[in-house]
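# Working through the structure, step by step
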Amino acid sequence: MTRITAAMLLLLTGLLSACGSAPDKIAVYQNEGFEANETFSRLFDASVEATCEAARRALLSQGYLPTTVKPDFISASKNFQPAGEVHVQIAFHVVCAPEGRLGKLSTAYVNAIQDRYALKKNPNSTTVGVSAIGSVSIPLTPSEDSLVKVASETIPAGPFYDRFFALMQRNLTQHEDEQ
């Protein structure tokens, strides 16, 4: 065997083994950048109570239903049906924390989680044992449909939250003008 043939054989073996191996899977947390410019928070020139009230009003104005309302925490959700057999729910969580000693600044930490559900059909049937044939499955009713969660993810930092923070700021400005 010549050196060229041996090198070709070695190269071919390497290529074949590379094709057969599974691709490296990167763990989800490896993509977490913890970038300072992509945050889920914003500083407001208002008290904790006023900041969370602005968040509550922003969520209400967009059709979100509050589930928990406290002076420093808001939780709300909204349902969507983008397609016939698909249901999406967005759950919003806002935590307002004081900044500085005077209580005139606060940071709103916001997190929105999108859950996706799909319609699953569960046929109802019963099994009857017949000695000569074996068992036979007979449908009783057409079917029962149920929603099954198929995906859940945190909405990434970016324009979605920027629009929310802008609406919060507008609410705070209106509140200041009224006082």
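Rules used throughout
Residues numbered from 1 in each chain as written. Predicted model: local features only at pLDDT ≥ 70, side-chain atom pairs only at ≥ 80, totals over all residues. Heavy atoms only, no water. Helix = DSSP H or I, 4+ residues; strand = E, 2+ residues; numbered from the N terminus. Buried < 20%, exposed > 50% of the residue type's maximum accessible area, 1.4 Å probe, protein only. Areas by Shrake-Rupley, 256 points an atom, 1.4 Å probe, with all protein chains shown as cover. Phe/Tyr/Trp six-rings, centres within 6.5 Å; stacked < 30°, edge-to-face > 60°. Salt bridge = Lys/Arg side-chain N within 4 Å of Asp/Glu carboxyl O. Axes fitted to C-alpha atoms, helices over the stretch in contact; angles between N-to-C directions. Left-handed = near helix turned anticlockwise from the far one by under 90°. Contact = heavy atoms within 4.5 Å. Core = buried A, V, L, I, M, F, W, Y, C linked by side-chain atoms within 4.5 Å. Pairing = 2+ DSSP bridges.

Our focus in this paragraph is the overall build of the protein chain. Looking only at helices and strands, one finds three helices and six strands in the protein chain. For the protein chain, the succession of helices and strands along the chain, N to C, is α-β-α-β-β-β-β-β-α. Counting across all 179 residues of the protein chain, residues that qualify as buried make up 22%. Looking at the protein chain as shown, the accessible area adds up to about 12,800 Å², and 57% of this sits on carbon and sulfur atoms.

Bringing the packing of aromatic side chains into the picture now. Counted by the stated rule, this structure contains seven aromatic pairs. Taken together, a centroid distance of 6.2 Å and an interplanar angle of 55° make the contact between F44 and F165 tilted. Taken together, the positions of F44 in strand β1 (residues 41-44) and F165 in helix α3 (residues 159-178) put the pair 121 residues apart, joining distant regions of the chain. Here F165 falls in the buried class, since its relative accessible area comes to 2%. Site record: aromatic cluster; members linked through ring pairs are F40, F44, Y64, F92, F160, Y161, F164 and F165.

Summed over all chains, the structure comprises four salt bridges. Put simply, E53 and R57 hold a salt bridge, and the shortest N to O gap is 2.8 Å. Taken together, the positions of E53 and R57, both in helix α2 (residues 48-61) and four residues apart, correspond to about one turn of that helix. With relative accessibility at 27%, the residue E53 sits in the partly exposed group.

Attention now goes to the packing of α2 against α3. Geometry of a packed helix pair, given as the angle between the helix axes and the separation of the axes. The geometry of α2 relative to α3 is characterised by a closest axis approach of 8 Å and an angle of 115° between their N-to-C directions. The handedness of the crossing between α2 and α3 comes out as right-handed. Residues A50, T51, A54, A55, R57, A58, L59 and S61 of α2 pack against F164, L167, M168, N171 and L172 of α3.

Attention now goes to the nonpolar core. Grouped together as the largest cluster of nonpolar side chains are 26 residues, with contacts concentrated most on L59, F92, V94, V110, F164, F165 and M168. Of all the secondary structure elements, the ones that give two or more residues to this core are α2, β3 (73-83), β4 (86-99), β5 (105-130) and α3. In terms of residues, this core owes the most to one element, α2, which gives seven residues. In contact with L59, other than residues within four places in its own chain, are Y64, I74, A76, F92, V94 and F164.

Our focus in this paragraph is the pairing of β3. With five bridges joining them, strand β2 (residues 65-70) and β3 adopt antiparallel strand pairing. Residue pairing for β3: P66 is matched across the bridge by A76. Summarising the sheet, β3 and β4 pair through nine bridges and their orientation is antiparallel. Residue pairing in the sheet places S77 in a bridge with A91 of β4. In sequence, β3 turns back onto β4 through a hairpin of two residues.

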